[in-house]
Amino acid sequence: MTVVTREFTVNLSRRTLLAASSATAVALMTPAGAAHASPVAEASGGAAAAPTAGFVTLLQRAESLLTGSEFDPADPDFATAVAALDTTAAELWDTLDRSAGRTALWPDLAPLTDPGNFGQSYTRLRTVATAWATTGTSLAGSTQVADALVAALRFTHDTAYNPARRETGNWWFWEIGAPRALMDCSVILRDRLPPADLADYLAVVDRFCPDADRRTNSPTLSETGANRTDKAVIVALRGLLGQDPAKLVSARDALSDVRDSGRNSLFRYTSSGDGFYEDGSFVQHDVVAYTGSYGVVLLGGTAYLLALLAGSEWAVADPKVSVMYDAVERTFTPVIFDGLMMDSVRGRAISRERAGDHRDGATALAAILLLASGAPAEYATRWRSLVKGWLTRNRTTPFEGLATIPQLALAKAVLNDDAVPAGPRSTGSHVFADMDRVVHRRPGWACALSLSSKRISAYEAGNGENLHGWYTGDGMTYLYDGDDLGQFNDGFWPTVDPYRLPGTTVDTRPRTDLGTGAGTSTYRPANTVAGGAVLDDRYGAAAMEVIGAQGTTLRSRKSWFLLDNAVIALGAGITASDGRPVETIVENRNLGTDGCHRLLVDGVRLPVEQGWSDEFGRARWAHVDSVGGYVFPEGTALRALREERTGTWRAIDTGADTGGSTYPVARRYLTLWTDHGTSPTDAHYAYVLLPGASATATAVWSRSRPVRIVANDTTAQAVEVRRAGLTAVNFWGAGTTAGITASGQASVLVLRQGGQVRVAVADPGRTLTTLTVELPFPVRSVARADGSVTLVPGRRPVLTIAVGGSRGHTHRAELVQ
């Protein structure tokens, strides 16, 4: 076997996980090998001093975590990865300006003094450096390449990024993006860097990222979440390269925030702002659901530091690291489907061409595997099984095509270990009340709801990203099918009609691009209701009141009831007075580049030609091949459209470092929607999603109606599943529906089976202190209940629930009849 000691990191976006190989992960827990003679400048700027033994060990770990360890270049997976790196790096090398009179390193990143340009320049230099350090690439071991890299780092420092500069533009490049890539380059090239150069690079990091606790350009602002982790990694690498123990202590303690009594500790649950919440939510930028982007960065950065510092005098010893361990299954697992990361928790990253749901999912998987390398066995064993299941099921966009060589080694170690079983798809219902997200998972499919309220933003845009995200938080419904993992990854965001996102009810007014200026911005609507309740981890009820943004009078009340094989979607009180049509989008399915999936409406096969459209006066059901069925219990005026849509990634992302290409992307779509007319008053809708159902099963469901809609108005929306004994209600205020009486707004699920009654209740608006729920049948006693629930038994028993302060979470009781 040929041993390759250094590998690569591809520039995918400004937030790219750097994972270790499995051999590296094992080596992290043991003493390192022979000393690496890395030049480290003394404080005086004089001759280099060889690192002491402790620093040698950690510098070698830093290199391994960045570039990897042993791999077999004859393995086709690794050969493909090396070839991909070589192609990218060789192109960068060929276009790198190495002339004496240069003013920038690459012509498209001029002027170099722009923070986005020098930030990306450092990232490109890191890619070239990793290729130089990887056997099998055309740049491997080249003296010319090494000398050019050293000179390019010097040029960038002198021209654009040095302690004399003042921060302008996006702070992120100055304090995270540029210093991280610079430190990575310095780790790889430390044998080649002149001592004076390294001293200058450490000084520039001390200027712009002196510690992880504070925003340098705003010292009163504490860093939180992923930004804190990013900075902790930078400070640790600076400490290693400069042999500065105090910097390593600072990096380690930033995870626990010991200087601020743990207020911003990453190893604690928060009740506001950024971080992990006890219900599994993760929030960044104060009000954005960000598990799949910033959350993954935090997870990966923490795993990196735990591995880097393991066994040293600076090892992380905080017992509250268990919060991070618990987050793998509480926070991340519910939003990963067969290896992809659900878009409902990726924020503005959905608009990034180089960071689709499969790529962010692969990054999360690699982070989990790295964390498993040092986690207690009871955690690590479960995680490896979960990841193996995700890896083996995702053949749409295999991990092998997304991962770096170190990440591949981690994954292949799990795939080749017969002692690790492939875990099945997780199932269950999850209401992440603290980030206004709902996820319902069944063995063959999953449904995610993206809600918003005065607490959680409907979208985030900015720095040129997510320009058309207007309705992504208005109840957008993501349907994931195990047989079609490319739905939202295959050119969806640049080509989908952004006014017709599945599950939304929208005013058809024209909108202007979001977030075209510097910095990021969010929009929080005025509604309070967004959330729901879960019963037995199997059934869910979710609700959202839509109050349109400035410029529209649209109002609507929307409910989703999440069952074993169906999602019941109800809307009521749909009202607007702006003189524009209002629509509810049942489906807008991406059929790929040449899809012609058969569409049936009430059993009639309809044309497959692009541009076809029609309206059906009282449709009862529809079916789309390879997707599933749609039932309209009350009959509906259904409209359908086939169209090929062309767009560009640049149209939705013009960001300096993430901006998409201008290359046209074309995809076919099949859209189903209900037109509520111009300026509707108290309009409504009802439809049922039957994921994966056949046309025959859909027709049978439509006739047999196993789920009865009991109410669909502005007082309550409710369904009954009589065979299961389930009643589910979203109350919009005090009232009685299906025999259940509530004293105020509430989500209520009641399951009555054999002498037992199980009840789940939540206040999705978080406006009440106490809520009472009266049941329509006698109950004798309480078998078990949350401490917030009390019962007055009788022929019409009354449950009193102390919902105040419960943050919209579910309260449960099991009763005996």
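**What to know about the overall build of the protein**
On a plain count of helices and strands, the protein comes out with 16 helices and 39 strands. Seen along its three principal axes, the alpha-carbon backbone of the protein occupies a region of about 85 × 60 × 50 Å. Looking at the protein as a whole, 63% of its 817 residues are labelled buried. Here the analysis covers contacts within the protein between residues at least 6 apart in sequence; of these, 70% occur between residues at least 24 apart. Distance from the positive charge centre (78 side chains) to the negative charge centre (85 side chains) of the protein: 5 Å.

**Re the sheet that holds strand β7 (residues 288–289)**
An order of β5-β6-β7 is seen for the three strands of this open sheet, with the pairing classed as antiparallel. Each edge of the sheet is formed by a strand with only one pairing partner; in this case those strands are β5 (275–276) and β7. Where strand β6 (residues 282–284) meets β7, two bridges bridge the pair, whose relative direction is antiparallel. In the strand pairing of β7, V283 is matched with A289.

**What about helix α12 (residues 357–372)?**
The terminal C-alpha atoms of α12, which comprises 16 residues, lie 22 Å apart, in line with the 22 Å expected from a rise of 1.5 Å per residue. Of all 16 residues in α12, 15 are buried; the element is thus mostly enclosed.

**A few points about the pattern of salt bridges**
Throughout the structure, instances matching the rule amount to 46 salt bridges. Close ionic contact of E63 with R190 constitutes a salt bridge, the shortest N to O distance being 2.9 Å. On the criterion of sequence distance, the pair formed by E63 in helix α2 (residues 53–67) and R190 in the loop between α6 (171–188) and α7 (195–208) is long-range, its members being 127 residues apart. With relative accessibility at 8%, the residue E63 sits in the buried group. R190 gets classed as buried once you look at its relative accessible area, which sits at 1%. Salt-bridge contacts for E329 lead to R382; the nearest nitrogen and oxygen are separated by 2.8 Å. Taken together, the residues E329 in helix α11 (residues 322–332) and R382 in helix α13 (residues 377–393) connect sequence positions 53 residues apart. Each of R154, D158, D197 and D200 takes part in a single network of salt bridges with overlapping partners.

**Observations concerning the side chain of R215**
Positionally, R215 belongs in strand β3 (residues 214–215). For R215, a relative accessible area of 13% translates into the label buried. A polar contact is formed between the side chain of R215 and the side chain of E223, at a distance of 2.6 Å.

**What about the pairing of strand β14 (residues 476–481)?**
Of all the six residues making up β14, six are buried; the element is thus mostly covered by neighbouring parts of the structure. Residues M476, Y478 and Y480 of β14 are buried on one face, and the alternating residues T477, L479 and D481, pointing to the opposite face, are buried as well. Pairing of strand β12 (residues 445–450) with β14, which is carried by six bridges, proceeds in the antiparallel orientation. Note on β14: the bridge partner recorded for A446 is Y480.

**Re the pairing of β12**
Judged by how many residues are buried, β12 sits mostly within the fold: six of six residues are covered. The two faces of β12 match: W445, C447 and L449 on one face and A446, A448 and S450 on the other face are all buried. Looking at chain direction, strand β11 (residues 437–441) and β12 are connected through five bridges and run antiparallel. In the sheet register, H440 faces β12, and the bridge partner there is C447.

**Things to note about the sheet that holds strand β28 (residues 708–712)**
Judged by pairing direction, the sheet is antiparallel, and its seven strands sit side by side in the order β28-β29-β30-β33-β34-β39-β36 without closing on themselves. Strands with a single pairing partner mark the edges of an open sheet, and in this sheet they are β28 and β36 (781–785). Sheet twist, expressed as the mean angle between neighbouring strand axes with direction ignored, is 15 degrees. Where strand β30 (residues 726–731) meets strand β33 (residues 746–753), six bridges bridge the pair, whose relative direction is antiparallel. From the neighbouring strand, T727 faces β33, where its bridge partner is V750.

**Here we look at helix α16 (residues 695–704)**
Along an α-helix, residues three or four apart share an orientation, since each turn contains 3.6 residues. All of the buried residues along α16 are A695, T698, A699, W701 and S702. Mapping the buried residues of α16 onto a view down its axis gives an arc of 160 degrees, with all of them on the same face. Structural note: α16 exposes T696 and R703 on the side pointing more than 90 degrees away from its buried face. Taken from the residues just after α16, R705 is the one with a positive phi, measuring 50 degrees.

**A closer look at the environment of L370**
In this fold, L370 is placed in helix α12. Exposure remark for L370: the relative accessible area of 1% places this residue in the buried category. Considering only alpha carbons, one finds L370 and L139, 231 residues apart in sequence, at a separation of 28 Å.

**Focus: the environment of G595**
Considering the arrangement of structural elements, one finds G595 in the loop between β21 (581–592) and β22 (599–601). In sequence terms G595 and R667 are 72 residues apart; their C-alpha atoms lie 8.5 Å from each other. Once you skip the residues sitting within four places of it in the chain, G595 turns out to touch Q610 and R668.

**Remarks on the confidence of the model for the protein**
Here the protein averages 91 in pLDDT, while 93% of its residues score no lower than 70. With pLDDT under 50 throughout, residues 1–48 is counted as low confidence; its partners more than four residues away or in other chains account for 153 contacts.

**A word on the environment of P607**
Within the secondary structure, P607 is located in the loop between β23 (604–605) and β24 (613–624). Beyond its immediate chain neighbours, meaning those up to four positions away, P607 contacts W612 and R642.

**Some thoughts on the packing of helix α5 (residues 143–159) against α7**
At their nearest, the axes of α5 and α7 sit 11 Å apart, and the two run at 45 degrees to each other. With respect to α7, the axis of α5 lies oblique. At the point where α5 passes α7, the crossing takes the left-handed sense. Residues V150, L153, R154 and H157 of α5 lie in contact with α7, whose contacting residues are A196, D197, D200 and Y201.

Here is what the cut-offs are and how they apply
- Residues numbered from 1 in each chain as written.
- Predicted model: local features only at pLDDT ≥ 70, side-chain atom pairs only at ≥ 80, totals over all residues.
- Heavy atoms only, no water.
- Helix = DSSP H or I, 4+ residues; strand = E, 2+ residues; numbered from the N terminus.
- Buried < 20%, exposed > 50% of the residue type's maximum accessible area, 1.4 Å probe, protein only.
- Contact = heavy atoms within 4.5 Å.
- Lys, Arg positive; Asp, Glu negative; His and termini not counted.
- Charge placed at Lys NZ, Arg CZ, Asp CG, Glu CD.
- Pairing = 2+ DSSP bridges.
- Expected span 1.5 Å × (residues − 1).
- Salt bridge = Lys/Arg side-chain N within 4 Å of Asp/Glu carboxyl O.
- Polar contact = N/O pair within 3.5 Å; in protein donor to acceptor, adjacent residues only side chain to side chain.
- Axes fitted to C-alpha atoms, helices over the stretch in contact; angles between N-to-C directions.
- Arc of directions from axis to C-beta.
- pLDDT = per-residue confidence, 0-100.
- Parallel < 35°, antiparallel > 145°, perpendicular 65-115°, else oblique.
- Left-handed = near helix turned anticlockwise from the far one by under 90°.

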